[in-house]
Amino acid sequence: MAKLTIHDMKVSGKRVLVRVDYNCPLDDAGKVADDSRIRATLPTLRHILDNKGKIILMTHLGRPKGVDEKLRLDPIAQRLEQLIERPVKKLNDCVGPEVDKAVNKMKEGEILLLENLRFNPGEEANEDAFARKLAILGEVYVNDAFGASHRAHASVVGLGKYLKAAAGACMKKEIEGLGKLVESPEKPFVVILGGAKVSDKITVLDSLLGRAATLLIGGGMAYTFLKAKGQAIGGSKLEADHIGTAHAILEKAAKMGVEVVLPIDHLVADKIDPKARIRIETGAISDGWIGVDIGPKTLQAFEQKIAGAKSILWNGPVGIFENPKFAMGSQAVAKAIAKAVAVNKAFAVVGGGDTAAAVYKFGLAEQMSHVSTGGGATLEFFEGKDLPGVAALTNR
Ligand code: AMP
């Protein structure tokens, strides 16, 4: 890797400022509902603890504008304590006298968690004064927050100016795993795109056209493409103002010789509800029915393409997988990818928050080559953009 990593840096006895991405979903009781982002940072934290460093953790949670009592980091600290099996001292601010005092008293092997960075407007504004206040808390800086590295915020890009900045173990894994598909994917490269909206994925679609041999499109976004081809889609998800975009992407793909496979049949429901009536429809979708998952013939076509792939990228579930009745397509896609990895030695990356959640839910995450912790950051990486948080790391 061209950037410094935590393994290149001396952390023993040092105050190590670690930017993590603990922007975890919380349940109705305010407890962490999915701790995969915390788990992803454990190798970095254990490395620092094994080397007798002092850990000062920084993260944001949600999108507060100023202090928001519901977005304090106490539930995050509690979950981290359980996972790392050590006390985690959570502070009530991220800079200021209380923080300075706690940091000065730190001993080797201790963990402090600063309060939600976004309570301070300097974070999102990338204020130099705020970055400097954070920087003086530590002696070295580690960025393990891949999921936040597309944001030019103070804790992501501002600290590299003042401290040596290294990639944490999770960040390194992300850059190497995703980098392999961006730089030199072994061919054939098959991409499965799904999720709710075309509008979120236009740029990535465009950049993938130059690299992938086949695009398999499912999920809510498929219906805008089908509409662009003149097909009836009933009450399925439609972004009417993006029909033209979908049309242009299909035309460009045809010109470039990229195969685009759209759903030929669908699981349709009369409402998006666990008690909905469901049936399979081929081709046009009837009025009053909503496409909620890919149908069996589509799945077969997808499976066949996935089985022949050497490189695979999956972003976006192909159905409303949160409802078990509509999850079969996404689960079968995950299984087909796992099989391609096991049998065909394909390199498969699963990216995007919801897709990662889906493979964890299906118990198939371990069988993927890499499951990315990022959402927007993963997509921007695939668009070929330089992520500000990666650029800000110290070069080797
Ligand atoms: P994204 O974050 O763009 O990957 O979108 C993920 C969301 O897309 C999930 O919450 C799915 O429920 C949703 N989704 C998948 N298939 C459909 C569909 N056919 N109609 C509406 N939403 C869908």
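Conventions and cut-offs
The written sequence of each chain sets the order in which its residues are numbered from 1. Totals for whole chains, interfaces and linings use all residues, but because this is a predicted model, local features are given only for residues with pLDDT of at least 70 and pairs of side-chain atoms are given and counted only at 80 or more. Note: side-chain values were computed over all heavy atoms of the structure, leaving out hydrogens and water. Helix and strand assignments come from DSSP, with helices taken as H or I runs of at least 4 residues and strands as E runs of at least 2, each series counted from the N terminus. Radius of gyration here is computed from C-alpha atoms only, and the compact-globule reference equals 2.2 Å multiplied by the residue count raised to the power 0.38. For every residue, the accessible area obtained with a 1.4 Å probe (protein chains only) is divided by the maximum for its type, and the residue is called buried under 20%, exposed over 50%, and partly exposed between those limits. By the convention used here, residues are in contact when the closest approach between their heavy atoms is within 4.5 Å. Surface exposure here means Shrake-Rupley accessible area, sampled with a 1.4 Å probe, where a residue is shielded only by the protein chains that are shown. In this tally Asp and Glu are treated as negative and Lys and Arg as positive; neither His nor the chain ends contributes. Where a charge sits is defined by one atom per residue type, namely NZ (Lys), CZ (Arg), CG (Asp) or CD (Glu). Only Phe, Tyr and Trp rings take part, Trp by its six-membered ring, and two of them pair if their centres are within 6.5 Å. Stacked means planes under 30 degrees apart, edge-to-face means over 60, and tilted covers everything else. Geometrically, a charge over a ring is one whose NZ (Lys) or CZ (Arg) sits within 6 Å of the ring centre while staying within 35 degrees of the ring normal. The working definition used for a salt bridge is a side-chain nitrogen of Lys or Arg within 4 Å of a carboxyl oxygen of Asp or Glu. Domain start and end points were adopted from an automatic or database domain assignment. Here a polar contact is taken to be a pair of N or O atoms separated by no more than 3.5 Å, where protein atoms must pair a possible hydrogen donor with a possible acceptor and residues adjacent in sequence count only if both atoms sit in side chains. Any residue outside Ala, Val, Leu, Ile, Met, Phe, Trp, Tyr, Cys, Pro, Asp, Glu, Lys and Arg is labelled polar, Gly included; the first ten of those are nonpolar and the last four are charged. What counts as an axis is a line fitted to C-alpha atoms, over the stretch in contact for a helix, and the angles between N-to-C directions run from 0 to 180 degrees. Roughly parallel here means an angle under 35 degrees, roughly antiparallel means over 145, roughly perpendicular means 65 to 115, and every remaining angle is called oblique. In this scheme, a crossing is called left-handed if the near helix is turned counterclockwise away from the far one by less than a right angle; it is called right-handed if the turn is clockwise.

Colleague: Mind showing me how you'd approach the overall build of the protein here?
Modeller: Each helix and strand counted, the protein has 16 helices and 15 strands in total. Against the globule reference of 21 Å for 396 residues, the protein gives a C-alpha radius of gyration of 22 Å, in line with a compact fold. The C-alpha extent of the protein, read off along each of the three principal axes, is 65 × 45 × 35 Å. Residues classed as buried in the protein amount to 55% of the 396 residues present. Considering only residue pairs separated by 6 or more positions, the protein has 73% of its internal contacts joining residues 24 or more positions apart. On the protein, roughly 16800 Å² of surface is accessible, and the fraction owed to carbon and sulfur atoms is 50%. Looking at the protein, you have 54 positive and 47 negative side-chain charges, and the mean spots of the two groups are 3 Å apart.

Colleague: I would appreciate a short explanation of the packing of aromatic side chains in the present structure.
Modeller: What characterises a pair of aromatic rings is the spacing of the ring centres plus the angle enclosed by the ring planes. Taken as a whole, this structure holds one aromatic pair when the rule is applied. Directly above the ring of Phe 347 sits Lys 180, whose terminal nitrogen or CZ lies 4.2 Å from the centroid. Residue placement shows Arg 279 over the ring face of Trp 289; its charged tip is 4.0 Å from the ring centre.

Colleague: Explanation requested: the pattern of salt bridges in the structure shown.
Modeller: Side-chain pairs of opposite charge can arise where the charged atoms are in close proximity. For the structure on display, the rule yields 19 salt bridges. The partner of Arg 396 in a salt bridge is Asp 8, and the shortest N-O contact between them spans 3.3 Å. You can see Arg 396 sitting in the segment after helix H16 (388-391) and its partner Asp 8 sitting in the segment before strand E1 (15-19), a full 388 residues away along the chain. Given the relative accessible area of 58%, Arg 396 is considered exposed. When its relative accessible area of 37% is taken as the criterion, Asp 8 is described as partly exposed. Linking Glu 281 and Arg 279 is a salt bridge whose minimum nitrogen-to-oxygen distance equals 2.6 Å.

Colleague: Would you mind going over the domain arrangement of the protein with me for this structure?
Modeller: Interface extent is often summarised as the accessible area lost during association of the parts. Domain assignment breaks the protein into domain 1 (6-170) and domain 2 (177-382). Distance from the C-alpha centre of domain 1 to the C-alpha centre of domain 2: 34 Å. The interface formed by domain 1 and domain 2 contains zero salt bridges. Where domain 1 meets domain 2, there are one residue pair in polar contact (both at pLDDT 80 or more). Looking at side-chain class alone, the side of domain 1 that touches domain 2 contains three nonpolar, four polar and one charged residues.

Colleague: It is not clear to me how unusual backbone geometry should be interpreted in this structure. Could you clarify?
Modeller: Of the consecutive residues Lys 187 and Pro 188, the connecting peptide bond is found in the cis state with omega at -5°. Secondary-structure assignment places Pro 188 in the loop between helix H8 (169-183) and strand E7 (189-193). Even without a glycine there, the phi angle at Lys 52 is positive, about 60°. Among the structural elements, Lys 52 can be located in the loop between helix H2 (42-50) and strand E2 (54-58). Notably, Lys 345 is not glycine yet its phi reads approximately 55°, a positive angle. For Lys 345, the location among the structural elements is in the loop between helix H13 (328-344) and strand E14 (347-351).

Colleague: What exactly am I supposed to notice about the environment of Arg 211 here?
Modeller: For Arg 211, the location among the structural elements is in the loop between helix H9 (202-209) and strand E8 (214-217). Residues Arg 211 and Glu 183, 28 residues apart in the sequence, show an inter-C-alpha distance of 9.6 Å. Within the local environment of Arg 211, its side chain forms a polar contact with the backbone oxygen of Phe 382, the two atoms lying 2.3 Å apart.

Colleague: How should I be thinking about the packing of helix H12 (residues 296-307) against H13 in this particular structure?
Modeller: The angle between the axes and the distance between the axes are what describe a pair of packed helices. Look at H12 against H13: their axes get within 9 Å of each other, and the N-to-C directions meet at 20°. Taken as axis vectors, H12 and H13 run roughly parallel relative to one another. The crossing of H12 and H13 is right-handed. Facing Leu 299, Phe 302, Glu 303, Ile 306 and Ala 307 of H12, the residues of H13 in contact are Gly 329, Ala 332, Val 333, Ala 336, Ile 337, Ala 340 and Asn 344. Each residue belonging to the contact of H12 with H13 can be placed in one class, and the counts come to nine nonpolar, two polar and one charged.

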